[in-house]
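A look at the structure
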Amino acid sequence: MSDHAHQPDDPEPATRRALLGVALRSLLLEKRVYSEDDERRVVERLEAASPAQGARVVAKAWTDDAFRDRLLDDGSAAIAELDLDAGAPLVVVENTERVHNVLVCTLCSCYPRMLLGPQPAWYKSVAYRSRVVREPRAVLAEFGTTLPDDTTVRVHDSTAELRYLVLPRRPAGTEAFSLRDLEALITRDALIGVTTVPAP
Amino acid sequence: MDSRPQRCVHDVGGLPDGPIDRSEHALTFWEWRIDAMIRLLFKAGILVDFAELRRVIEDLSETDYGEMSYYERWSEAGAALLIEKGVLTRAEIEARIDELLADASGSVSP
C-alpha cells in the first residue's frame, strides 16, 4: 500500500523551501523521534481514508431511517456504529427539497478527512475559502450545480473542533438499489455539497 | 490585497477572489510524509495539536503564505515549533538543507 504512493512522476523537492520538510524528516529520523516504520504505518492509515467511508455512512442513512435520525442527532456516535471516527465532533447536515448545504473551512482546511480522504486542492484554496461564504451560488455554478431560486443555501464553516458532512438527497430511481449500488453513486464533492448526487 | 490590514493572512472568508482552480492533485510521496511527520510529532507529545501548528502558519507574512504550498506551510510551522521547543536548531536544519541541495546538484541539473 505504501509503495504505490511514490509515483514516478512525483517532483523531487529541489528548492530550499521544498527541502525544509525533507530536512526535518531526516533529522527527526536520525534523532529517533520516530522511525520509518512509524511513518509507514501513519501513511498507510491516511491513505486508507477515502470518500468510500463517507459513502457508506450516506447509503446507510438513505436506507435506514432510524440510523439517519441518529446520524443527524449525533454524527460522531452514529458513525462509530460503522467503526468510523471523524477525528473531531461531527455534525451531519441534511439536504432537502428546500435546503442545500455546502462546507468550507474559511480559516484553513478543516474537513472530515477520515470520511472523505485528503482534501482536494480547491478546498484548501483561497479562492474557494473566500468566495463560497460570499457568493455560494456562483461557486456552486462553477462546479456545475444550479439550484432552484427558492432553495435555501447554507454554508457551514468548519473548525478544528467541529467537522461537517453533507447528507445529500437520494436521487430518484434508486429505490431498488443495493447499499453497494447506492455507495457507488456518492461522490466526495456531493458530501462536501458542491455537487448533488445525480439520478443514475 | 492592501485593503485588508485588519485581517490576519489566513482569514479570507468573504473576500472577493477569482475563479476556483478545480484541478485534482493527488498528494505526492513527500506530502504524505510531511503529513505523517506532523501527526507523529503530536503522537510523540512534541507538538500539541493543529491549533499550535496553525498559530505559526497564521503568523506568516502575506507573501510567504501566498507563495508556499500547503505542506510547505506545515513544514515551516513544524520547523519553527521544533526550534522553539529545543528539539532542533536553526543551524542544523539549514546545514541539512545545504547537504540536500548539494546532493541534488550532484545528481540532476537544475
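Up top you'll find the structure we're talking about.
Rules and cut-offs
- Residues numbered from 1 in each chain as written.
- Chains lettered and ligands numbered in written order.
- Predicted model: local features only at pLDDT ≥ 70, side-chain atom pairs only at ≥ 80, totals over all residues.
- Heavy atoms only, no water.
- Phe/Tyr/Trp six-rings, centres within 6.5 Å; stacked < 30°, edge-to-face > 60°.
- Buried < 20%, exposed > 50% of the residue type's maximum accessible area, 1.4 Å probe, protein only.
- Salt bridge = Lys/Arg side-chain N within 4 Å of Asp/Glu carboxyl O.
- Helix = DSSP H or I, 4+ residues; strand = E, 2+ residues; numbered from the N terminus.
- Core = buried A, V, L, I, M, F, W, Y, C linked by side-chain atoms within 4.5 Å.
- Contact = heavy atoms within 4.5 Å.

1. Topic: the packing of aromatic side chains
- If you walk through the whole model with that rule in mind, you get 12 aromatic pairs over all chains.
- Look at Tyr70 of chain B and Tyr71 of chain B: their rings are 5.0 Å apart centre to centre, the planes differ by 90°, and that puts the pair in the edge-to-face class. Considered together, Tyr70 of chain B and Tyr71 of chain B belong to a single accessibility category, that of buried residues.
- Taken together through their ring pairs, the aromatic side chains of Tyr111, Trp122, Tyr123, Tyr128 and Phe143 of chain A make up a single cluster.

2. With respect to the pattern of salt bridges
- Within the structure shown, the criterion is met by 28 salt bridges over all chains.
- When the shortest N-O distance is used, the salt bridge between Arg40 of chain A and Glu44 of chain A registers 3.7 Å. Taken together, the residues Arg40 of chain A and Glu44 of chain A, both in helix H2 (residues 36–48) and 4 residues apart, mark about one turn of the helix.
- A network of salt bridges, in which partner residues are shared, links Arg16 of chain A together with Arg90, Glu94 and Asp98 of chain B.

3. Some words on unusual backbone geometry
Residues and elements named next belong to chain A.
- Although it is not a glycine, Arg32 adopts a positive phi angle of roughly 55°.
- Structurally, Arg32 is set in the loop between helix H1 (16–30) and H2.
- Positive phi is not limited to glycine here, since Asp83 has a value of about 60°.
- Structurally, Asp83 can be placed in the loop between helix H5 (75–80) and strand E1 (90–94).
- Of the residues examined, Asp83 reaches a relative accessible area of 74% and is grouped as exposed.

4. Points about the nonpolar core
- Core analysis: the largest hydrophobic core is formed by 47 residues, its most contacted members being Val57, Leu115, Tyr128 and Ile192 of chain A.
- In terms of residues, this core owes the most to one element, helix H3 (residues 51–63) of chain A, which gives 6 residues.
- Each residue touching Tyr128 of chain A, except ones within four places of it in the same chain, is listed here: Val102, Leu103, Val104, Trp122, Tyr123, Val139, Phe143, Ile192 and Val194 of chain A together with Ile20 of chain B.
- Counting residues in hydrophobic clusters, the runner-up holds 42 residues, among them Ala23 and Leu27 of chain A together with Trp32 and Ile34 of chain B.

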